[in-house]
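For reference, the chains in residue letters:
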Amino acid sequence: DTEVTQTPKHLVMGMTNKKSLKCEQHMGHRAMYWYKQKAKKPPELMFVYSYEKLSINESVPSRFSPECPNSSLLNLHLHALQPEDSALYLCASSHGTRTGEAFFGQGTRLTVV
Amino acid sequence: EDQVTQSPEALRLQEGESSSLNCSYTVSGLRGLFWYRQDPGKGPEFLFTLYSAGEEKEKERLKATLTKKESFLHITAPKPEDSATYLCAVQVRGGATNKLIFGTGTLLAVQP
């Protein structure tokens, strides 16, 4: 089973709203990631969690707040977003924290109005 | 600076017309190279991992190869269902944590 599950699949939010994206994997992977992907562009790394600790923050604005409650779950809390934050948000996980392929979820299509 | 470049940006093939996609990389030290397939509005689907020059991997109509400077994804007798964006990503030595650098992708369209 190489499944990474993301919810919701679609989200529309206003600029004053607070919402959360959720990601779950049951493969025993110890690294989890958030990526942002704009149309016709490759995924861009936002955050990496390694053994439930934040190990990489790619200078992401504070209106995006990641959380890793346990080794299977990853959240991305959203607050005061801008229309330009509209994108496909992808969660991924990998077995190792230094090597190995990453498996992606199907993404959350976020629209900020 | 570590860089990954894919070519062509877009490729249109007739069903059954074999071709190759290219991924060239300039990195300080390659730990691994990965190929993904991505359908519109979906997350990337893992295809292959290559670790060392000379390595080859195959899956159905797809074959991935690796040299010291580039990787090729060969598509033999493609079908319309092979239409997708193909992404390559590299993982660089020296990093404490798994971090992928993606190329910009090749959009493949296979016409019946």
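Our structure's up above, just so we're on the same page.
Note that this is a predicted model, so its numbers are computed, not measured.

Section: the overall build of chain A
Then, number 1: When helices and strands are tallied, chain A shows zero helices and eleven strands.
Then, number 2: Ordered by position in the sequence, the α and β elements of chain A form the string β-β-β-β-β-β-β-β-β-β-β.
Then, number 3: Dimensions of chain A, computed from the C-alpha atoms along their principal axes, are close to 35 × 25 × 20 Å.
Then, number 4: For chain A, the residues scored as buried account for 50% of the 113 residues in total.
Then, number 5: Put simply, of all contacts in chain A between residues at least 6 apart along the chain, 54% involve residues at least 24 apart.
Then, number 6: Accessible surface computed for chain A: about 5,500 Å², of which carbon and sulfur atoms make up 51%.
Then, number 7: Computed over 13 positive and 10 negative side-chain charges, the separation of the two mean positions in chain A equals 6 Å.

A closer look at the state of the cysteines
Then, number 1: Counted under the stated rule, the structure contains two disulfides over all chains.
Then, number 2: Disulfide partner of Cys23(A): Cys91(A), at an S-S distance of 1.9 Å. Between Cys23(A) and Cys91(A), the S-S dihedral sits near -70 degrees, and the bridge is therefore left-handed. Residue Cys23(A) is found in strand β3 (residues 18-25), and its partner Cys91(A) is found in strand β9 (residues 87-94); the two are separated by 68 residues along the sequence. We note that Cys23(A), like Cys91(A), is buried.
Then, number 3: What pairs with Cys23(B) in a disulfide is Cys88(B), and their sulfur atoms sit 1.8 Å apart. Between Cys23(B) and Cys88(B) the disulfide shows an S-S torsion of about 50 degrees. By sign, it is right-handed.

Topic: the interface of chain A and chain B
Then, number 1: The interface of chain A with chain B comprises 25 residues on the first partner and 22 residues on the second.
Then, number 2: Between chain A and chain B, a total of about 1,800 Å² is buried, with carbon and sulfur atoms accounting for 52% of that surface.
Then, number 3: On the chain A side of the contact with chain B, Arg98(A), Glu101(A) and Phe104(A) bury the most area, a combined 27% of that side's loss.
Then, number 4: At the junction of chain A and chain B, the tally comes to one salt bridge.
Then, number 5: The partner of Glu58(A) in a salt bridge is Lys99(B), with the nearest N and O atoms 3.2 Å apart.

Quick word on the sheet that holds strand β7 (residues 62-66) of chain B
Residues and elements named next belong to chain B.
Then, number 1: On the basis of which strands lie adjacent, the open sheet formed by five strands has the order β1-β3-β8-β7-β6 and antiparallel pairing. The open sheet has two edge strands, β1 (3-7) and β6 (56-59), and neither has a second partner. With strand direction ignored, the average angle separating the axes of adjacent strands in the sheet is 15 degrees.
Then, number 2: Examined bridge by bridge, strand β3 (residues 19-26) and strand β8 (residues 70-75) share six bridges and lie antiparallel to one another. Across the sheet, asparagine 22 pairs through a bridge with phenylalanine 72, a residue of β8.

Remarks on the sheet that holds β3(A)
Residue and element names in this part refer to chain A.
Then, number 1: Pairing within the open sheet is antiparallel, and its four strands lie in the order β1-β3-β8-β7. Two strands in the sheet have a free side with no partner beyond their single neighbour: β1 (4-7) and β7 (64-70). Each neighbouring strand pair of the sheet contributes to a mean axis angle of 20 degrees, computed without reference to strand direction.
Then, number 2: Where β7 lies against strand β8 (residues 73-79), five bridges are found, and the strand directions are antiparallel.

Notes on the packing of aromatic side chains
Then, number 1: Inspection of the entire model under this criterion finds nine aromatic pairs over all chains.
Then, number 2: Pairing Tyr33(A) with Tyr35(A) gives two aromatic rings, centres 6.3 Å apart and planes at 40 degrees, and the pair type is tilted.
Then, number 3: For Tyr33(A), a relative accessible area of 1% puts it in the buried group.
Then, number 4: On the numbers, 5.9 Å between centres and 90 degrees between planes, the contact of Tyr35(A) with Phe102(B) is edge-to-face. Placement of Tyr35(A) in strand β4 (residues 31-37) and of Phe102(B) in strand β10 (residues 100-102) is noted, with the two residues assigned to different chains.
Then, number 5: Taken together, the aromatic side chains of Tyr33(A), Tyr35(A), Phe103(A), Phe104(A), Tyr36(B), Phe46(B) and Phe102(B) make up a single cluster linked through ring pairs.

Definitions and cut-offs
Residues numbered from 1 in each chain as written. Chains lettered and ligands numbered in written order. Predicted model: local features only at pLDDT ≥ 70, side-chain atom pairs only at ≥ 80, totals over all residues. Heavy atoms only, no water. Helix = DSSP H or I, 4+ residues; strand = E, 2+ residues; numbered from the N terminus. Buried < 20%, exposed > 50% of the residue type's maximum accessible area, 1.4 Å probe, protein only. Contact = heavy atoms within 4.5 Å. Areas by Shrake-Rupley, 256 points an atom, 1.4 Å probe, with all protein chains shown as cover. Lys, Arg positive; Asp, Glu negative; His and termini not counted. Charge placed at Lys NZ, Arg CZ, Asp CG, Glu CD. Disulfide = S-S within 2.5 Å. Buried area = accessible area lost by both parts, 1.4 Å probe. Salt bridge = Lys/Arg side-chain N within 4 Å of Asp/Glu carboxyl O. Pairing = 2+ DSSP bridges. Axes fitted to C-alpha atoms, helices over the stretch in contact; angles between N-to-C directions. Phe/Tyr/Trp six-rings, centres within 6.5 Å; stacked < 30°, edge-to-face > 60°.

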